[in-house]
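# Per-entry structural report
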Amino acid sequence: MKLVTTIGLLVGTALVPAAGFAQDRPATVTAAAETQAAPGGDANQAAIAVNPAAPEASRIVTTAESKGLQVHALDGRLLSTAEAGEAVGVALRGGFMLGGAAQTLVVSADGAANSLRFFTLAGDRLTEVGARAVPLDFAVENVCLFRNAPDAALYAIAVGDGGEIDQWMVYATPDGKVDARQARRITLPTKIKHCVADDASGKLYVAEQATGLWRFNGDPETDSAPALIDAPRIGRISEELGGIALYDAGPARWLIASDASTGRLFLYDRTKDDAYAGAVTMAGPGGTAVKEPGGLAATGAALGSGFGHGLLVAADEDAAGGANYKLVGFDALAAPLGLAVGTPELPPTSVAPRFPTVTARVETVPVAAAGDAADDPAIWHNPADPAASLIIGTDKKAGLYVYDMQGKVVHFAPVGRMNNVDLRDGFMLDGKPIVLVTASDRTRKAVAIYRLDTATGALIDIADGLQPSGLSDPYGLCMYRSTRSGRSYVIVSDPDGLNRQWELVTRPNGKVAIRQVRDIRFGSQTEGCVADDANGALYIAEEDVALWRVGAEPKAGDARRQVDSVAGNPALKDDLEGVSLYDLGNGRGYLVVSSQGNNSYAVYDRDGANAYRGSFAVVADGATGIDGISETDGLDVSSLPLGPGFEKGAMVAQDGRNVLPGEKQNFKIVSWADIAAALKLESR
């Protein structure tokens, strides 16, 4: 199943025409050089490969459709060609690790086979390194590359004739080749001809040829957040958009777009929400006007004589000697408009994730319900056979799933809208220890109570009839077993900040009921919670505010201590959601809290003052095809062995945006050993 994002409109500041726009008389800038045209070739898109050691030896890689890819010197000389099918698009990034070395990776869009092909550029030569031609299910028009800061991964974005924006995670295979997996698809109504990505800001710019210039979030684990920058009839674009490019030379950050119908190049200030800054027209070295500038590429690196403040390359389909590319120094482009050229800078070859990263080793089968459905997991450790341990996960639209440690469905109970779930082993019922499972039942506004059949994975209802919660909407849930009394409790939250605690009591008929023992009130919505049985503590996440510690005993009252707050810790971004505990024994260990707003997990000491130990993120692994975890609602952590790969325990977390490829929500299983290594924590 593909993940298709529909577009909700946000209009950018650039769209509003400036006063006097109708009287614009753009100045003409003259190209310093043009590329040598290949007989019979066409000009669609170019990419600039900056050589930091010898800037004047930088190269321009261009498409020539049936003539494949071409490599040019800065004076326009054709240095080499490479067969690439019908090459209609090209993009490149330096610093891609392949075969143990950093390479300049080039991706080409093959318009005949509708596929993506991968090459490396070394000197003047292109070498194909793709494990395969990555097939696309649409008529491809172009491609761009995006290096995503949250996971440091490289993505290829293919755009198509039917308005497709297809994002693929690019990765190296064990045998030293390059492959890709689809991460997400966004769809616009009409043909998209060009795209370009800003690694630093995480923004993706797309030229919908007859409709407008768009900006999106490039991270596939976020909402696409479309913004319309410019458009025909209501903006500056006359009829048809051509190419787009980005210029970066701190602090100057410019977006350049071709108004193909009038031959103008528009410039927008990316430091001011892509506000319009002016327009120019272009002429070739001999003074002949470039009537319809097509694909664009730009760099803010100093490339030597004639290009000391960067370079713009524009495709010219109508060049007198055959389609070619015009090379313009950015200082010449900026001068008529009085725009800043900034300080030349090299394009970055890497991005640093904000937090240490790990990858999930296993993911579960997606839940059946569409939309925001999966929510909260609970882990049951099988002491006789850790590899046979089980995970219970909620589908808050349909019921409860039971998974094995390979992520396969063992059992599904279609019991309604179960939001959160927790369990305790060793609960005595009819003189026998059972695994007691409770869940917040939003369908019946009740507390659901089950026994886990550990042999079959089935959930057996053992509630003594309906156990009404008295809450407007039972939401968060966790369980507590007192070491003082041996009694078991369940705590359920309401969206208005009320947390209600019940004792779980047995009935003579072999059933279990609840008996209310206290209420704990917070000022705003709470959901995630976990009880530290050994220390008699209850941790509750007030979503937009803070993580709190209160006493877990029924007579502990309302006294609370703030562990951490959204306002006080820059690493936290509301909502604070799932909370769980890693037990090192003797009252020691760690608390793990999902920081939903920035797709990360904060870790605190379990003991003492609950000192903050750092945050980590779970990112995609292209080789295994398991994506990262984003927008986590619920999570659970266990320090007990759970089978191969999870000998030191695991974190299971709900994935709110299941991509690579786009599917319904599921749960990811992360080895605690990997988390401990990333943050230098202890393992049991």
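Residues numbered from 1 in each chain as written. Predicted model: local features only at pLDDT ≥ 70, side-chain atom pairs only at ≥ 80, totals over all residues. Heavy atoms only, no water.

### Digging into the environment of Tyr276
Applied cut-off: Helix and strand assignments come from DSSP, with helices taken as H or I runs of at least 4 residues and strands as E runs of at least 2, each series counted from the N terminus.
Tracing the backbone through its elements, the reader meets Tyr276 in strand β24 (residues 275–283). In this structure, the C-alpha to C-alpha distance between Tyr276 and Thr343, residues 67 residues apart in sequence, is 21 Å.

### With respect to the sheet that holds strand β42 (residues 526–532)
Rule in force here: Pairing between strands is defined by DSSP: at least two bridges between them are needed. Inter-axis angles, ranging from 0 to 180 degrees, are taken between N-to-C directions of lines fitted to C-alpha atoms, where helices are fitted over the stretch in contact.
Pairing is antiparallel in the open sheet, where four strands are placed in the order β42-β43-β44-β45. Across the chains shown, the open sheet's two edge strands, defined by having one partner strand only, are β42 and β45 (560–565). On average, each strand axis in the sheet is inclined to that of its neighbour by 25°, with strand direction left out of account.

### Looking at the confidence of the model for the protein chain
Using the following cut-off: Known as pLDDT, the predictor's confidence for each residue is given on a scale from 0 to 100. Residue contacts are defined here by distance: any two heavy atoms, one from each residue, within 4.5 Å place the two residues in contact.
The predicted model of the protein chain averages 94 in pLDDT, with 96% of residues at 70 or higher. The low-confidence segment residues 1–9 (pLDDT under 50) makes 28 contacts with residues lying over four places distant or belonging to another chain. Predicted confidence for residues 18–23 stays below pLDDT 50, and this span has six contacts to residues more than four positions away or in other chains.

### Side note on the pairing of strand β33 (residues 409–413)
Pairing analysis gives four bridges linking strand β32 (residues 399–404) to β33, with the strands arranged antiparallel. What sits directly across from Tyr401, in β33, is Phe412. In textbook terms, the turn of a hairpin is the stretch between consecutive antiparallel strands, and for β32 and β33 this stretch comprises four residues, one of which, Gly407, has a positive phi near 85°.

### So, the state of the cysteines
Counted only if it meets this: A pair of cysteine sulfur atoms is labelled a disulfide when the two atoms are within 2.5 Å. Accessibility here uses a 1.4 Å probe with only protein chains present; expressed as a share of the type maximum, an area under 20% marks a residue as buried, one over 50% as exposed, and anything in between as partly exposed.
Inspection of the entire model under this criterion finds two disulfides. Here Cys144 pairs with Cys195 through a disulfide, and the sulfurs are 2.2 Å apart. Between Cys144 and Cys195 the sulfur-sulfur dihedral comes to about -120°; the bridge is accordingly left-handed. One end of the pair, Cys144, is in strand β13 (residues 140–148); the other, Cys195, is in strand β17 (residues 192–198), with 51 residues separating them in the sequence. The side chain of Cys478 participates in a disulfide bridge whose partner is Cys529; the two sulfur atoms lie 2.3 Å from each other. Here Cys478 and Cys529 share a disulfide; its torsion about the S-S bond, -120°, makes the bridge left-handed. Of the two residues, Cys478 is situated in strand β38 (residues 477–481) and Cys529 in strand β42; the sequence distance between them amounts to 51 residues. Taken as a pair, Cys478 and Cys529 share a single burial class, namely buried. If you count the bonded cysteines of the protein chain from the N-terminus, they pair up as 1-2, 3-4.

### Thoughts on the pairing of strand β52 (residues 666–671)
By the criterion of burial, β52 is predominantly enclosed, with six of the six residues buried. With burial as the criterion, each face of β52 is covered, one bearing Asn666, Lys668 and Val670 and the other bearing Phe667, Ile669 and Ser671. Inspection of the sheet shows strand β29 (residues 362–363) paired to β52 by two bridges, in the antiparallel sense. Within the sheet, the bridge partner assigned to Glu363 lies in β52 and is Lys668.

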